[in-house]
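# Results of the structural survey
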Amino acid sequence: MPLKRKQIYLDSESEGRIQKLARVTGLSEAEHIRRAIASYVAAVPEVEGDRHPLIEMIGICDGKTGPKDGAVHHDKYLYGRKR
């Protein structure tokens, strides 16, 4: 599988730990980062489709039947109270 270059920022503690891990295991820092990302992504549930569920709500109320003040009082409609 071809790899794509990415640039990331690590805090000092994470950098030191990944460097030590690479020395001890003989694997590159990049390989450890790839494995960590693969593990993280596998643990996070996939979002169906490319869109967020809240984005899907856009337009569900047409101008004839939906509330006229939804932009201002959306908390009332979503949660039943003012926030």
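Residues numbered from 1 in each chain as written. Predicted model: local features only at pLDDT ≥ 70, side-chain atom pairs only at ≥ 80, totals over all residues. Heavy atoms only, no water.

Between its first and last C-alpha, helix α1 (residues 12-25) extends 20 Å over 14 residues, near the 20 Å set by a 1.5 Å rise per residue. Once α1 ends, the next one or two residues include G26, with phi positive near 80°. (Helix = DSSP H or I, 4+ residues; strand = E, 2+ residues; numbered from the N terminus. Expected span 1.5 Å × (residues − 1).)

This brings us to the packing of α1 against helix α2 (residues 29-43). Helix packing for two helices is described by the angle between their axes and how far apart those axes are. The interhelical angle for the contact between α1 and α2, taken along N-to-C directions, is 110°, at an axis separation of 8 Å. By the angle class used here, α1 and α2 are roughly perpendicular. Along the contact surface, α1 presents I18, Q19, L21, A22 and T25, while α2 presents E29, H32 and I33. For the contact of α1 with α2, the residue count by class is four nonpolar, three polar and one charged. (Axes fitted to C-alpha atoms, helices over the stretch in contact; angles between N-to-C directions. Parallel < 35°, antiparallel > 145°, perpendicular 65-115°, else oblique. Contact = heavy atoms within 4.5 Å. Nonpolar A, V, L, I, M, F, W, Y, C, P; charged D, E, K, R; others polar.)

With 82% of its residues at a pLDDT of 70 or more, the protein has an overall mean of 83. Ranking the helices and strands of the protein by mean pLDDT puts α1 first, with 97, and helix α3 (residues 53-56) last, with 68. (pLDDT = per-residue confidence, 0-100.)

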